[in-house]
Amino acid sequence: MELRQLRYFLAVAEELHFTRAAERLHIASPSLSQQIKKLERELGAALFVRDRRHVELTRAGAALVGDARQILELADAAARRVRGTARTKLRLGHVSWLPAELTQLLGDVVRLDEWVLPSHTQVVRVAEGTLDLALAWVDRKRLEALDLTAHLVRVETMPAVLPGDHRLARADAVPASAVSVLVDSDQSSWLAWNEFALDYAAASGARVVHIDDGGVTGQAFFDHVTRLRVPVLQSPKRHTAPFPPSLVRRPVSTPARWPWSLVHRRDDDRPEVAVVVERVLGLRATMRWDAASAERHEGRQQQPGHDG
C-alpha cells in the first residue's frame, strides 16, 4: 500500500466521482481507476461500489477513510520536518535518462530517489512534495495545473526501428508517414509516452498502433517491429534487451523530439534548489546535450515557467 494510492483513495472517497477526483489529482481517469483496483487487490476488499450513475463507499472503504487521513497527515508532517532539517539532501527523481556526469556533479546536494517511475507520476510527486526535483518529460498543461517550473536539459531525437531488409532500411531518413507509433493501453505506466506519441502522429502523419503488452520498450518492442514489418518510432525508455541484428535504426524525416527537463515546484525558492538548477544548466552547456535541437525546441515550444 503506497501513500500515492491512499491519496487517490481519499480523493475518490471525498468526491464520490472518479472523473472529478482525477481532475483534482491532475491524472487521467483510467490511471486513477487502475490504482484504486490495485489498492483493493492488495487489501483484499472492495472499497467502492460503482456503476455508471454513482459511486459510494463500501463498509471497508468507510473504515479506511479515517486511517488514510491519519497516515497521510503523519507522512506530510514527517516530510515537512525532514525538509526543514539543515543540510538535508534534496530528493531527485528520474525516469530513464540519468547521465553519470550529472549524478557526479550533484552528489553533494541531492540523493537519487529509489523509485524509477514514469514521467507523469514523477512530476505529480514533485507537486505533492514527495520529491524535490525530477528529470522528466512534462507538457505545458501539467506545468500550469501542478504549478511547476521546468528547465530544459536535453532534447532527445528518437529514431525509427525497422527490419534490415525493409525497402527503407538504407534510406537517409524514413518519411514520417511511413512510421508507426505504439500506444499502450496501460495508462498508469505509459500515459506520458501515449500523449507524446498521439501528438506526434497528429502532427506528422505517422500511424498509431494500439498495443496492450507494454511493448513500448524491451524485447516486446522489437517483437512488434518484427511482426509489423514497418518502421516503428523508438521511445526514450532505455532498452534492457539487446538490439536484434535483424533490425536497424534510421532517423525520421520529421524528427520526434522528446524533451528532458529538470522540474521543481514553482514556489520552491530554497537556495539548494537554485544551486541544482544552476549546476544542471551549466552542465548542459558544457556537454552540449543536443544543443541545436534544444534551441529549436525552446524557440517553438517555450512554456510558462520553462527556463533555460
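(A) Structural context of the overall build of the protein chain. Counting its secondary structure elements, the protein chain contains eleven helices and 13 strands. Computed over the C-alpha atoms, the radius of gyration of the protein chain is 21 Å, within 12% of the 19 Å expected from 2.2 N^0.38 for a compact globule of 308 residues. Structurally, the protein chain occupies a C-alpha span of about 65 × 50 × 35 Å along its principal axes. Within the protein chain, the proportion of its 308 residues that are buried is 50%. Where the 42 positive side-chain charges of the protein chain centre and where its 39 negative ones centre are 3 Å apart.

(B) Region of interest: the nonpolar core. By size, the foremost hydrophobic cluster in this structure holds 90 residues, and its most contacted members are Phe-9, Leu-32, Trp-193, Leu-233, Leu-262 and Val-276. Aside from chain neighbours lying at most four places away, what touches Phe-9 is Ile-36, Leu-39, Leu-47, Phe-48, Leu-57, Gly-61, Leu-64, Val-65 and Ala-68.

(C) Just the pairing of strand S7 (residues 160-163), in detail. Judged from the two bridges that link them, S7 and strand S10 (residues 232-233) form a sheet pairing that is antiparallel. Each bridged residue has a counterpart across the sheet, and for Ala-160 the counterpart in S10 is Leu-233. As paired elements, S7 and strand S11 (residues 247-250) share four bridges and run antiparallel to each other. Along S11, the bridge assignment pairs Ala-160 with Arg-250.

(D) Inspection of helix H2 (residues 18-25) at higher detail. All of the buried residues along H2 are Phe-18, Ala-21, Ala-22 and Leu-25. On an axial view of H2, the arc spanned by its buried residues comes to 100 degrees, and they lie on one face. Residues of H2 that are buried in the fold lie against helix H1 (3-15), helix H3 (29-43), strand S1 (48-50) and strand S2 (55-57). Just downstream of H2, His-26 is the residue with a positive phi angle, here 65 degrees.

(E) Highlighting the environment of Ile-27. Counting through the fold element by element, Ile-27 comes out in the loop between H2 and H3. Judged by its relative accessible area of 15%, Ile-27 is buried. Sequence separation of Ile-27 and Thr-121 is 94 residues, and the distance between their C-alpha atoms is 8.6 Å. Beyond its immediate sequence surroundings of up to four residues, Ile-27 is in contact with Tyr-8, Ala-22, Leu-32 and Val-124.

(F) Fine view of the confidence of the model for the protein chain. For the protein chain, per-residue confidence averages 89 on the pLDDT scale, and residues scoring 70 or more make up 92% of the total. Confidence drops under a pLDDT of 50 for residues 292-308, and excluding neighbours within four residues, the segment shows 38 contacts in the predicted structure.

(G) Spatial organisation of empty space enclosed by the protein. Counted under the stated rule, the structure contains one cavity of 30 Å³ or more. Of the pockets and cavities examined, the largest cavity occupies roughly 70 Å³. Lining of the largest cavity is provided by Arg-4, Tyr-8, Ile-27, Ser-31, Gln-35, His-120, Thr-121, Val-124 and Ser-188. Elements that contribute at least two residues to the lining of the largest cavity include exactly H1, H3 and helix H6 (119-128). Top element by residues in the lining of the largest cavity is H6. It accounts for three residues. A breakdown of the residues in the lining of the largest cavity according to their chemical character gives three nonpolar, five polar and one charged.

(H) Seen up close, the packing of H2 against H3. For the pair H2 and H3, the least separation of the axes is 9 Å and the interaxial angle reads 105 degrees. Relative to H3, H2 is oriented roughly perpendicular. Packed against H2, whose contacting residues are Phe-18, Thr-19, Ala-21, Ala-22 and Leu-25, the element H3 presents Ser-29, Leu-32, Ser-33 and Ile-36 at the interface. Here the residues of the contact of H2 with H3 sort into six nonpolar, three polar and no charged.

(I) View of the environment of Trp-137. In this fold, Trp-137 is placed in the loop between strand S5 (133-136) and helix H7 (140-146). The exposure class assigned to Trp-137 is buried, which follows from its relative accessible area of 7%. As for Trp-137 and His-120, which are separated by 17 residues in sequence, their C-alpha atoms are 7.5 Å apart. Leaving out residues up to four positions away in the same chain, Trp-137 has contacts with Ser-119, Val-123, Arg-142, Ala-192, Glu-195, Phe-196, Trp-258, Pro-259 and Trp-260.

Calculation criteria
- Throughout, residues of each chain are indexed from 1 in the direction in which the sequence is written.
- Confidence filtering applies because this is a predicted model: local features only for residues at pLDDT of at least 70, side-chain atom pairs given and counted only at 80 or more, and all residues used for totals across whole chains, interfaces and linings.
- The basis for every side-chain value is the complete set of heavy atoms in the structure, and neither hydrogens nor water enter the calculation.
- The way it works is that DSSP assigns letters per residue, a run of H or I at least four long becomes a helix, a run of E at least two long becomes a strand, and they are numbered from the N terminus.
- Each radius of gyration is computed over the set of C-alpha atoms, and the globule rule expresses the reference value as 2.2 Å times the number of residues to the power 0.38.
- Only protein chains enter the accessibility calculation, which uses a 1.4 Å probe. A residue is then buried if its area is under 20% of the maximum for its type, exposed if over 50%, and partly exposed in between.
- Working convention for charge: Lys and Arg count positive, Asp and Glu count negative, and His plus the chain ends are omitted.
- Here the site of a charge means atom NZ of a Lys, CZ of an Arg, CG of an Asp or CD of a Glu.
- Among buried residues, the Ala, Val, Leu, Ile, Met, Phe, Trp, Tyr and Cys ones that are joined through side-chain atoms within 4.5 Å form a nonpolar core.
- Contact between two residues is taken to exist if any of their heavy atoms lie within 4.5 Å; hydrogens are not considered.
- Two strands qualify as a pair provided DSSP detects at least 2 bridges between them.
- As used here, the arc is the angular range of directions from the helix axis to the C-beta atoms.
- Looking at any residue, its pLDDT shows the predictor's confidence there, from 0 to 100.
- Buriedness for pockets is judged along seven lines, at least five of which must meet protein on both sides within 12 Å for an open set on the 1 Å grid over protein atoms alone, while cavities are sets there where a 1.4 Å probe fits but cannot get out, and lining residues have an atom within 4 Å of a point.
- Grid points are joined across faces, edges and corners, and a volume is the space filled by probe spheres set on the points.
- Lys, Arg, Asp and Glu make up the charged group, whereas Ala, Val, Leu, Ile, Met, Phe, Trp, Tyr, Cys and Pro make up the nonpolar group; the residues left over, Gly among them, are polar.
- In this description, a line fitted to the C-alpha atoms serves as the axis of each element, helices being fitted only across the stretch in contact, and the angle between N-to-C directions of two axes falls anywhere from 0 to 180 degrees.
- Small angles under 35 degrees read as roughly parallel and large ones over 145 as roughly antiparallel, with 65 to 115 read as roughly perpendicular and the rest as oblique.

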